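# Tertiary structure, described
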Amino acid sequence: MSELVLEELSATNIVAANTLTLKPGQEQFVAPVSHSIAEAYVNPNSAWPRVVRDDDEVVGFIMANFDAESPQEEFRCCIWRLNIAASAQGHGVGRFAVESVADEARRRGFERLTVIFEPGESGPERFFYHVGFASIGETEYGETIAALTL
């Protein structure tokens, strides 16, 4: 991997983001990028969709939500989606994406970043704990709510 770059989701990178291929079994733990694109369109004031590039190749997608007025605290500053290409996993792309969101959250004055995920063998739980998140609760559907103190 060379130098990773984060850039805003745009017409020039949307197709590449939407065709990221995950490792087998991971699809059940994350919605397709196309769902995030729709959410960003519906929530343009709070959604923060970005791609991660390694040179000219899109290797990841992350979407955060920044809404200090959200009635649900876990949605005020959170990661909604994180998709890393199977070939790029284990090379620091996910960490780079999460750290980029954390930097933006600090810039906006937030003190905590959250993520909600479904536990499971091929799921993102181990990754999020590895980059510093800690479990703070559970949704009514049994998903884990985890937080990273900024």
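No experiment lies behind these values; they were computed from the predicted model shown.

### Topic: the pairing of strand β4 (residues 77-84)
Counting buried positions over the eight residues of β4 gives seven, a clear majority of the element. Pairing of β4 with strand β5 (residues 112-117), which is carried by two bridges, proceeds in the parallel orientation. Of the residues in β5, the one forming a bridge with C78 is T114. This β-α-β element, β4 to helix α3 (residues 93-107) to β5, shows right-handed connectivity.

### As for the sheet that holds β5
With respect to topology, seven strands assemble into an open sheet ordered β1-β2-β3-β4-β5-β7-β6, the strand pairing being mixed. Of all strands in the sheet, those with a lone pairing partner are β1 (4-8) and β6 (134-138), marking the two edges. The average undirected angle you get between the axes of adjacent strands in this sheet is 30°. For strand β3 (residues 57-66) and β4, the ladder comprises seven bridges, and the chain directions are antiparallel. Note that in β4 the partner of A64 across the bridge is I79.

### Some points on the nonpolar core
Nonpolar side chains tend toward joint burial in soluble globular proteins. In this structure, F66, I79, V98, V101, L113, F128 and F133 are the most contacted members of the largest nonpolar core, which totals 36 residues. Sorting elements by how many residues they give to this core places β3 first, with seven residues. If we ignore the near neighbours within four places in the chain, the residues touching F66 are N45, S46, W48, R76, C77, V101, E104, A105, R108 and F110.

What counts, and at which threshold
- Residues numbered from 1 in each chain as written.
- Predicted model: local features only at pLDDT ≥ 70, side-chain atom pairs only at ≥ 80, totals over all residues.
- Heavy atoms only, no water.
- Buried < 20%, exposed > 50% of the residue type's maximum accessible area, 1.4 Å probe, protein only.
- Helix = DSSP H or I, 4+ residues; strand = E, 2+ residues; numbered from the N terminus.
- Pairing = 2+ DSSP bridges.
- Right-handed = clockwise from strand over helix to strand, strands pointing away.
- Axes fitted to C-alpha atoms, helices over the stretch in contact; angles between N-to-C directions.
- Core = buried A, V, L, I, M, F, W, Y, C linked by side-chain atoms within 4.5 Å.
- Contact = heavy atoms within 4.5 Å.

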